[in-house]
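Observations on the three-dimensional arrangement
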Amino acid sequence: MRLYLKAKYRERIKFDEKLRVFSLAIALGFTIFSLRLAHLQLISGGEYKRLSDKNRIRLLPLKAPRGLIYDCNGNLLVDNRPSFTVSITPAESPNLPATLAKLRSFVDFDKNRIIEQARASRYAPFKQITVLRDVSIEQAAQIEECSLELPGVVITAEPCRRFPLGRYAAHALGYLGEINGDELERMSDQGYDMGDYVGKAGIELVAEKPLRGKDGHMQVQVYADGYPQVELDPTGSPRVRIDTAGRSLLTLGEDPPNMGSIVRLTLDSTIQQIAETEMGEHAGAVIVMDANTGAIRTMVSRPSFDPNAFVSFGRDDERIEILTSPIHPLINRSLQAFPPGSTFKVIMAYAGLSEGVITPETRFVCTGSLNIGRSFRCWKDHGHGSMNVVSALAYSCDVFFYNLGLRLGIDRIEKYARMFGLGESTRVGLPGEMRGFVPSRAWKAKMFKNPSEKKWYNGETVNVSVGQGYLLVTPFQLARAVATVVNGGKLITPYLIESIEGPEGFEMVHAQKTPRATLGNIKAMASVKEGMRQAVESRQPLYGTAWRAKKEGVPLIGKTGTAQVARFKVRAETKAQLEKIPYELRDHAWFAAALDYPLEPVVIVVFCEHSGHASESAVIVAGKIAEGIMKSRQPVQAAATTEGTST
């Protein structure tokens, strides 16, 4: 029994000794592990964190190129070009202010803006912040050379919008700008982010959604001593090629960007450039439109601007000048409302003939003025003599239309003005279109408080009869009115977008709105058109007011209009007299015309702001545009003739 106990005791002692040794080994192991962990975390943690931050999988955004814009003949109007963008990832820059200060030695930017954006995105520290777009290749190369001194800074290649026509068609095409706070709040659910560029005007704004495309992204392995470089391939799509150390990067996953849809417009770039050139230094607008369909072939607004200034690097001064200029180049004059002057006589003539208050043979004698309590003068001081409706249109006799206005009365004048589409939107689809204004007896009674002012007076009817007073129209409205005269009485809807072609080949073609048949008096229409023809062609007994627009072989008809913006006792009959009048007080000049082809009539409306008499400005411009259109059509007509004879 004793021997057994001694054996058990010795075994227990040996077990305890082994247990102590094993426990000591475990304790020592944990001590060594703890010391190593402490060394890694407390002493070398910063260095390993820096290395791990640089050696990771990164999600790179790939910007989608915006869709291309073409004219009706397939000529490119807007495309994209490669550009360099400087960005920074806050989490990869241990000392962000110092990095930005170093970066400013290469490019100029708002340092405080970047710091504020970094603070705002502190919960997404690995999200790239755009520092500057469209930097020069020289600046991009300098930044790349110093990449080790600029942690977190990367240079990428992105598509940048390009407007090859420059100032031409700028108001039709529009421009891009960086998304603002209100837009971002409204459009963030559509994938927009801070720093994105969006359409601000024209087609770029109207077709923003299809033009934008869909951004993509790419997962790449980023090494400790290099940053991924993104460039554009020949198709304009961004691709990651190498890092700053020149090594091919491992692409782990890719969602390629989808280019925006192709937008085809009704604009004809050839006619657009003719109109832009012939407008010269005149401020104002030009509309060239298919009278049957409403397809807009030309839309000019002056003064203009270069849309490239809003997307190109180094043009800050030009951009600020555009935004702050007192002549407001961003305003689209073709959508603004002005007094129409004597162009309104076209509507007056049709109204009088249709209502039967005059016939083609009715005559009024013009002695130079009409007295109805006070004297209302004709533009021709000594009078035109006996005038019928055709000659009154040709020579723009005010007295004839004073008498016609009194016979019609303001109620019927308003009725016919609205039949021609005045006082309402043309629904052209461009932002900022004004409705113009057609005055009425009911409107005046509602607007004014004084009982004497509520009454409508004959003098006001006389003013409206010659396109003055309260009456206001836009160049687009006047173009539509002239189209109604030459297309057989149909009120059309102008439009700019012919079709939109998506990336999958889906095509959305313009759905032409059915014209409203508003004018049905064929005889009245014929008399009006003859008066407009004589305004261009007449030389006996007087020269028509648009005689300067006459070109051999050009079937142009039209009506001039000089709209007063202030009352003067002495008219500016010469250029020297005009220059003595302050610019903002000079008359506006109109010419509402059409190439009167039987099957394909084309409307040409020219508005020259503060340029004096229409015959000295708008008429000359329109005549040259019409001649240019005829010359541009000759090859097409010749080809059609040859094809016809060969069959």
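Residues numbered from 1 in each chain as written. Predicted model: local features only at pLDDT ≥ 70, side-chain atom pairs only at ≥ 80, totals over all residues. Heavy atoms only, no water.

What the protein chain contains, in helices and strands, is 21 helices and 25 strands. For the protein chain, the proportion of its 647 residues judged to be buried stands at 50%. Contacts in the protein chain between residues at least 24 apart in sequence constitute 72% of all its contacts with a sequence separation of at least 6. Carbon and sulfur atoms form 55% of the exposed surface of the protein chain, whose accessible area is close to 31500 Å². (Helix = DSSP H or I, 4+ residues; strand = E, 2+ residues; numbered from the N terminus. Buried < 20%, exposed > 50% of the residue type's maximum accessible area, 1.4 Å probe, protein only. Contact = heavy atoms within 4.5 Å. Areas by Shrake-Rupley, 256 points an atom, 1.4 Å probe, with all protein chains shown as cover.)

Turning our attention to helix H14 (residues 398-419). Taking 1.5 Å of rise per residue, the 22 residues of H14 would be expected to cover 32 Å, yet its terminal C-alpha atoms sit only 23 Å apart, more than 12% below that figure. If you look at H14, its biggest bend is around 95 degrees, right at Gly 409. Looking one or two residues past H14, Gly 421 carries a phi angle of roughly 90 degrees, positive in sign. (Expected span 1.5 Å × (residues − 1). Bend = angle between axes of the 7 residues up to and from the residue.)

Take the pairing of strand E25 (residues 602-608) next. E25 sits mainly inside the fold: 7 of its 7 residues count as buried. Here E25 shows no split at all, with Val 602, Ile 604, Val 606 and Cys 608 on one side and Val 603, Val 605 and Phe 607 on the other all buried. Looking at chain direction, strand E13 (residues 284-290) and E25 are connected through 7 bridges and run antiparallel. The partner of Val 288 across the bridge, within E25, is Ile 604. In the sheet, strand E24 (residues 588-595) pairs with E25 via 7 bridges, with the strands oriented antiparallel. Counted as the bridge partner of Ala 593 is Ile 604 from E25. Between the antiparallel neighbours E24 and E25 lie 6 residues. (Pairing = 2+ DSSP bridges.)

What follows concerns the packing of helix H18 (residues 475-486) against helix H19 (residues 522-537). Their axes nearest at 9 Å, the elements H18 and H19 cross at an angle of 115 degrees. The segment H18 lies against H19, with Val 482, Thr 484, Val 485 and Val 486 engaging Met 525, Val 528, Lys 529 and Met 532. (Axes fitted to C-alpha atoms, helices over the stretch in contact; angles between N-to-C directions.)

By the definition in use, this model includes 15 aromatic pairs. Pairing Trp 443 with Phe 448 gives two aromatic rings, centres 6.1 Å apart and planes at 80 degrees, and the pair type is edge-to-face. Residues Tyr 543 and Trp 547 carry aromatic rings whose centres are separated by 5.2 Å and whose planes lie at 85 degrees to one another, so their mutual orientation is edge-to-face. The ring of Phe 448 has Lys 444 lying over it, and the distance from NZ or CZ to the ring centre is 5.8 Å. Seen from the ring of Tyr 543, Arg 539 lies directly overhead, with NZ or CZ sitting 5.2 Å from the centre. (Phe/Tyr/Trp six-rings, centres within 6.5 Å; stacked < 30°, edge-to-face > 60°. Lys NZ or Arg CZ within 6 Å of the ring centre and 35° of its normal.)

For the rest of this paragraph, the subject is unusual backbone geometry. The residue after Arg 302, namely Pro 303, is reached through a cis peptide bond having omega 0 degrees. As for its position among the elements, Pro 303 is in the loop between strand E14 (296-302) and helix H11 (316-324). The omega angle of the peptide bond from Gln 540 to Pro 541 is 0 degrees, so this bond is cis rather than trans. Note on placement: Pro 541 falls in the loop between H19 and strand E23 (556-563). The backbone of His 328 sits at a positive phi, close to 50 degrees, despite the residue not being glycine. Topologically, His 328 is positioned in the loop between H11 and helix H12 (345-355). For His 328, a relative accessible area of 43% gives the class partly exposed. A positive phi is found at Ser 396, a non-glycine position, where the angle reads about 55 degrees. Mapping Ser 396 onto the fold places it in the loop between helix H13 (389-395) and H14.

Here strand E12 (residues 262-265) shows one buried face, formed by Val 263 and Leu 265, and one open face, formed by Ile 262 and Arg 264. Alignment of E12 against strand E20 (residues 497-501), held across 4 bridges, turns out to be antiparallel. Counted as the bridge partner of Val 263 is Ile 500 from E20.

Turning our attention to the nonpolar core. Core analysis: the largest hydrophobic core is formed by 89 residues, its most contacted members being Ile 69, Phe 344, Phe 400 and Phe 401. Counting residues per element, this core draws most heavily on H14, at 10 residues. Residues in contact with Ile 69, not counting those within four places in the same chain, are Asn 75, Leu 76, Leu 77, Val 78, Arg 161, Leu 173, Ile 203, Glu 204, Leu 211, Val 263 and Leu 265. Membership of the second largest hydrophobic core comes to 29 residues, among which are Val 300, Leu 595, Val 602 and Ala 626. (Core = buried A, V, L, I, M, F, W, Y, C linked by side-chain atoms within 4.5 Å.)

Bringing the sheet that holds E14 into the picture now. A sheet is described by the order of its strands in space; here 5 strands give the open sequence E14-E13-E25-E24-E23, paired in antiparallel fashion. The sheet is open, and its two borders are formed by E14 and E23, each paired with just one other strand. The average undirected angle you get between the axes of adjacent strands in this sheet is 5 degrees. By the bridge criterion, 8 bridges tie E23 to E24 in an arrangement that is antiparallel. Paired with Ala 563 across the bridge in E24 is His 588. Helix-sheet contacts for helix H10 (residues 269-279) involve E13, E14 and E25, and the interaxial angle to E14 is about 30 degrees.

Turning next to the pattern of salt bridges. What the rule picks out here adds up to 32 salt bridges. The salt bridge involving Glu 355 is made with Arg 412; its shortest N-O contact spans 3.2 Å. In this pair, Glu 355 sits in helix H12 while Arg 412 sits in helix H14, placing the two residues 57 residues apart along the sequence. Overall, the relative accessible area of 26% leaves Glu 355 in the partly exposed class. A salt bridge links Arg 533 to Asp 596; its shortest N-O distance comes to 2.9 Å. (Salt bridge = Lys/Arg side-chain N within 4 Å of Asp/Glu carboxyl O.)

This brings us to the side chain of His 588. Structurally, His 588 is set in strand E24. Note on His 588: relative accessible area 4%, which makes it buried. Polar contacts involving the side chain of His 588 include one to the main-chain amide nitrogen of His 610, which spans 3.1 Å. Residue contacts for His 588: discarding those within four places in its chain leaves Phe 338, Pro 339, Gly 561, Thr 562, Ala 563, Val 565, Phe 607, Cys 608, Glu 609, His 610 and Gly 612. (Polar contact = N/O pair within 3.5 Å; in protein donor to acceptor, adjacent residues only side chain to side chain.)

The subject of this paragraph is the side chain of Asp 596. Tracing the backbone shows Asp 596 in the loop between E24 and E25. Residue class for Asp 596 comes out buried when judged on its relative accessible area of 14%. Side-chain polar atoms of Asp 596 contact the side chain of Lys 529, separated by 3.5 Å. Among the polar contacts made by the side chain of Asp 596, one reaches the side chain of Arg 533 at a distance of 2.9 Å. Every residue in contact with Asp 596, bar those within four places of it in the chain, is listed here: Val 486, Lys 529, Arg 533, Pro 555 and Ile 557.

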